[in-house]
Amino acid sequence: MRSTGRGATQQSSAPYNRRVVLDFIRQHGAVSRKDIVDMVSLSPQTVANSTNDLEAIGLIVSRRLKAEKTRGQPPIAFELNPDAGAAIGISLEPGRASAALVNLVGDVRLRVDRQVDTGDRSAILAGMLDLVSQLRKASRERLWGIGVALPGPLGATELSFVGPTALEGWADLSVLDELRDITGLPLFYSVDSVAGALGETLFGVAKSLDNFFYLHFGLGLGGALVVNRAAYHGANGNATEIGHVPLVPGGRPCYCGNAGCLERYLSMHSLAEAMGVDDKQVWALPIEQLLREGTNSAFTAWCREAAERLRDAVCLIENMLDPRAIVIGGSAPKPLVEHLLALAQPLRHSVRGGLAGAGEPAERIVLSQWQDDSSILGAAVLPIYEMLSPRLEVLQQERRTEVDVADLLGHPGIK
Ligand SMILES: [Zn+2]
């Protein structure tokens, strides 16, 4: 355990302190009040107030630890109550919407999906409402909100385009406001790569990484930089859109207007092109068989090229950002990602790779354990993350959709 030290700089803010304590309990599992006091730089009284509040709301549960051979009462341990709530995550990709009901510790309770014409505003609203209604019926817990993950870039940028890996006509996100108004649930949305990265931070392979780069390998290619366990968004919320970094001089034309972009080589869309199938069919390709047989020349050539671009991407990311690790997630099949990573060895030298030896952390690249569910879980994490993760800006501005633990003290439930 390391001291988080976050509480110390805060003036007395009960909501903030509750979030600090809750986040600490989430990260470390069963902990005593003393553990919390020792590690988060809050006074014993503040910690006691926070744990009392959190237990009263039902977000944490306490149990007395087994007696050890010491004098006095054995300590009480606090743990996150996995059933204290759930969130709905929706992942939108061109042509399909997938959703899941996820509890506070990241267990998927129910997963549903459907094909949706993502170019039709009313169809997509109807589709999302249908998914939410199915999941709501299955939910016994308090619902914290809906998170929506969608392909970037978001809003109007110079790269705003209608490409096969972006959602058609989605510069205007007001359909999400409608979803919030109709369901009456707090709604959060994010680029799928950021959602996936936050999911890995809360529940996945990046739990112990305070900074890392998340490479989202799906139909397109995206990225997210997590610093101090929060995603870096950039000026317009479109930071680290690595798929459209042109790395191949004179390379394939890209729908963004440039040529040689990474995504034109390293994405499921580029695999679909190489195999002569459309984007929907690419998910049905017998990847494991193709890998085992190794006789399909189109597939083999695509893999070789994609692996070379993966080497470029790793080198670029490490030299620019020096992350603790690069986490690869997204909807691409895991055996395929593993194969590309094997082909990409040896990785290029970088500020990170060049320092092999003493002090070098073991893993340069870590694969998500979630495979094709990472975007949905990431989306579901958005409302949970808002609630669990203490952030400075929470103190500075109360946002309309903010889920604040404090609100719940006066409200038995928002479901
Ligand atoms: Zn591009």
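Residues numbered from 1 in each chain as written. Predicted model: local features only at pLDDT ≥ 70, side-chain atom pairs only at ≥ 80, totals over all residues.

> Looking at this model, I keep getting lost on helix H1 (residues 14-28). Mind explaining?
Since the α-helix advances by 3.6 residues per turn, residues separated by three or four positions end up pointing in the same direction. Relative to the 21 Å expected for 15 residues at 1.5 Å per residue, H1 spans 21 Å between its end C-alpha atoms, a close match to the ideal helical length. The buried count for H1 comes to eleven of 15 residues, which makes it a mostly enclosed element. Listed as buried for H1 are Tyr 16, Asn 17, Arg 18, Arg 19, Val 20, Val 21, Leu 22, Asp 23, Phe 24, Ile 25 and Arg 26. Among the residues trailing H1, Gly 29 stands out with phi positive, at a value near 75°. (Helix = DSSP H or I, 4+ residues; strand = E, 2+ residues; numbered from the N terminus. Expected span 1.5 Å × (residues − 1). Buried ≥ 20, exposed ≤ 12 C-beta atoms within 10 Å, placed from the backbone.)

> Before we go on, may I ask you to explain the pairing of strand E5 (residues 96-103) in this structure?
Side-chain direction in a regular strand flips from residue to residue, so the side chains alternate between the two faces of the sheet. Among the eight residues of E5, seven are classified as buried, and the element is accordingly described as predominantly covered. Pairing between strand E4 (residues 86-93) and E5: eight bridges, direction antiparallel. Note that in E5 the partner of Gly 89 across the bridge is Ala 100. The antiparallel pairing of E4 with E5 creates a hairpin that spans two residues between the two strands, and Gly 95 there sits at a positive phi of about 90°. Bridging between E5 and strand E6 (residues 108-115) involves seven bridges; their strand directions are antiparallel. Across the sheet, residue Val 102 finds its bridge partner in E6, namely Val 108. (Pairing = 2+ DSSP bridges.)

> What is the right way to look at the packing of helix H9 (residues 297-321) against helix H10 (residues 334-343) in this model?
Two measures define how a pair of helices packs: the angle their axes make with one another and the distance between the axes. Direction vectors running N to C along H9 and H10 enclose 70°, while the axes themselves pass 8 Å from each other. The angle between the axes of H9 and H10 places the two elements in the roughly perpendicular class. The residues of H10 that touch H9, namely those facing Cys 303, Arg 304, Ala 306, Ala 307 and Leu 310, are His 339, Leu 340, Leu 341 and Leu 343. Along the lines of polarity and charge, the residues of the contact of H9 with H10 split into seven nonpolar, one polar and one charged. (Axes fitted to C-alpha atoms, helices over the stretch in contact; angles between N-to-C directions. Parallel < 35°, antiparallel > 145°, perpendicular 65-115°, else oblique. Contact = placed C-beta atoms within 7 Å. Nonpolar A, V, L, I, M, F, W, Y, C, P; charged D, E, K, R; others polar.)

> When you look at unusual backbone geometry in this model, what are you seeing that I'm missing?
Trans is the common state for peptide bonds, and a negative phi is the common state for residues other than glycine. In this structure, Pro 346 follows Gln 345 across a cis peptide bond, with omega equal to -5°. Topologically, Pro 346 is positioned in the loop between H10 and strand E13 (365-367). Even without being glycine, Ser 41 reaches a positive phi, approximately 55°. Within the secondary structure layout, Ser 41 lies in the loop between helix H2 (33-40) and helix H3 (44-57). The class of Ser 41 is partly exposed, set by 16 C-beta atoms lying within 10 Å.

> Honestly, the nonpolar core in this entry has me stumped. Any pointers?
Soluble, globular proteins show a tendency: their nonpolar side chains are buried together. Counting 103 residues, the largest nonpolar core has Ile 88, Ile 90, Val 148, Ala 380 and Val 381 as its most contacted members. If we skip the residues at most four places from it in the chain, Ala 380 touches Ala 87, Ile 88, Gly 89, Ala 100, Val 102 and Gly 147. (Core = buried A, V, L, I, M, F, W, Y, C linked by C-beta atoms within 7 Å.)

> When you look at the sheet that holds strand E2 (residues 60-64) in this model, what are you seeing that I'm missing?
Strands belonging to one sheet form pairs held by backbone hydrogen bonds; the direction of such a pair is parallel or antiparallel. Taken in spatial order, the three strands make up an open sheet running E1-E3-E2, and their pairing is antiparallel. Both outer strands of the open sheet, strand E1 (31-32) and E2, are each paired with one neighbouring strand and no more. With five bridges joining them, E2 and strand E3 (residues 76-80) adopt antiparallel strand pairing. Paired with Ile 60 across the bridge in E3 is Leu 80.

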